[in-house]
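Spelled out, the chains give:
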Amino acid sequence: MDEWSVFLSPYRQAIDELKIKLKGIREEYKLTNRPSPVEFVTARVKPVQSIIEKASKNNISYDDLRKGMYDIAGVRIMCQFVDDIMIIRDLIDKREDMKIIEERDYIKHTKESGYRSYHIIIEYPVSTVDGTVVILAEIQIRTLAMNFWATIEHSLNYKYSGEYPVEIKQRLQNAADAAYLLDQEMSLIREEIQEAQKFFSSKRNV
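Looking up the protein chain in an unreviewed UniProt entry gives the name GTP diphosphokinase, with the organism given as Nosocomiicoccus ampullae. In the Sequence similarities (unreviewed entry) part of its UniProt record, the protein chain is described as follows: "Belongs to the RelA/SpoT family." Annotation of the protein chain in UniProt includes, under Subunit (unreviewed entry), the sentence "Homotetramer."

Right, here's the structure in full:
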């Protein structure tokens, strides 16, 4: 096993555990017949090449990666409504198996590009054969509309290396505005949507 595989092993274990725990929130809500704030959860460990590039850009040595790079392990939690975001944030804050050390609110403070999401940096202890390793992980909480926009913007950012043509930049901004309005409208009819989903789910289970 090479050095990078050994180094990343606790991060891979962490995202597997975090996915199970955070998906468990959804299952708990379902068992008590309540609408879940969690729609679905995805996770990834940053590729080695991306770690190297970011470390070089930010002058982080290999020995300082554990404490100097917060997003080697990344988790995304998707929800239906904007109000669900802070519900999830508070649920995470109450847990004893992870500790919030930093928060970044890109919903109240939307990025210039139109990006919206709520970011939490946590400390998470991973049990290994050599003892406990405390790692940093980033949890991004966003609505489905926010996630759709961010996914498209991420792809375009790779293509244009962040230097968008004027027309593309404007259309991305228009799309961000449309996603914001979609979230606002869905929030206004939240109760009706959840009642309809509850009705549909009960009929499907009959």
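The subject of this paragraph is the overall build of the protein chain. A count of helices and strands for the protein chain gives 7 helices and 5 strands. In the protein chain, the order of α-helices and β-strands from amino to carboxyl end is α-β-α-α-β-α-β-β-β-α-α-α. The C-alpha extent of the protein chain, read off along each of the three principal axes, is 50 × 50 × 30 Å. Every one of the 206 residues in the protein chain was classed for burial, and the buried ones make up 35%. Sequence-distant contacts, at least 24 apart, represent 64% of the contacts inside the protein chain between residues at least 6 apart. Element-wise, carbon and sulfur atoms account for 52% of the exposed surface of the protein chain, whose accessible area totals about 12,800 Å². Positive and negative side-chain charges in the protein chain, numbering 30 and 33 respectively, have mean positions lying 3 Å apart.

What follows deals with a nonpolar patch on the surface. Taken together, the side chains of Leu182, Met186, Leu188 and Ile189 make up a nonpolar region of the molecular surface, amounting to roughly 360 Å² of accessible area. Mapping Leu188 onto the fold places it in helix α6 (residues 166-188).

Here we take up the side chain of Glu153. With respect to the element layout, Glu153 can be found in helix α5 (residues 144-160). Despite being buried, Glu153 has no salt bridge partner; Lys111 is the closest side chain of opposite charge, sitting 7.9 Å away. Among the polar contacts made by the side chain of Glu153, one reaches the side chain of Tyr164 at a distance of 2.8 Å. Excluding anything up to four places from it in sequence, Glu153 contacts Tyr164 and Leu172.

As a further point, take the nonpolar core. Grouped together as the largest cluster of nonpolar side chains are 38 residues, with contacts concentrated most on Ile77, Ile92, Ile122 and Ile141. Broken down by secondary-structure element, the contributors of at least two residues to this core are α1 (3-31), β1 (40-45), α2 (48-57), β2 (73-79), α4 (82-94), β4 (118-128) and β5 (131-143). Looking at this core, the element that brings in the most residues is α1, giving 9 residues. Once residues within four sequence positions are removed from consideration, Ile77 is found in contact with Leu22, Val38, Phe40, Val41, Ile88, Ile92, Ile139, Gln140, Ile141 and Arg142. Tyr115, Trp149, Tyr164 and Leu172 belong to the second-largest nonpolar core, a separate cluster that totals 7 residues.

Between α5 and α6, whose axes approach to 9 Å, the crossing angle comes to 165°. By the angle between their axes, α5 is roughly antiparallel relative to α6. With respect to the hand of their crossing, α5 and α6 are arranged in left-handed fashion. Residues Ala145, Met146, Trp149, Glu153, Leu156 and Tyr160 of α5 form the contact with α6, whose participating residues are Ile168, Leu172, Ala175, Ala176, Ala179, Leu182 and Asp183. Per-class residue counts for the contact of α5 with α6 are 11 nonpolar, no polar and 2 charged.

What counts, and where the lines are drawn
- Residues numbered from 1 in each chain as written.
- Predicted model: local features only at pLDDT ≥ 70, side-chain atom pairs only at ≥ 80, totals over all residues.
- Heavy atoms only, no water.
- UniProt positions renumbered as here; feature names shortened; annotations may be inferred.
- Helix = DSSP H or I, 4+ residues; strand = E, 2+ residues; numbered from the N terminus.
- Buried < 20%, exposed > 50% of the residue type's maximum accessible area, 1.4 Å probe, protein only.
- Contact = heavy atoms within 4.5 Å.
- Areas by Shrake-Rupley, 256 points an atom, 1.4 Å probe, with all protein chains shown as cover.
- Lys, Arg positive; Asp, Glu negative; His and termini not counted.
- Charge placed at Lys NZ, Arg CZ, Asp CG, Glu CD.
- Patch = residues over 30% accessible without salt bridge, like charges linked within 9 Å, V, L, I, M, F, W, Y side chains within 5 Å.
- Salt bridge = Lys/Arg side-chain N within 4 Å of Asp/Glu carboxyl O.
- Polar contact = N/O pair within 3.5 Å; in protein donor to acceptor, adjacent residues only side chain to side chain.
- Core = buried A, V, L, I, M, F, W, Y, C linked by side-chain atoms within 4.5 Å.
- Axes fitted to C-alpha atoms, helices over the stretch in contact; angles between N-to-C directions.
- Parallel < 35°, antiparallel > 145°, perpendicular 65-115°, else oblique.
- Left-handed = near helix turned anticlockwise from the far one by under 90°.
- Nonpolar A, V, L, I, M, F, W, Y, C, P; charged D, E, K, R; others polar.

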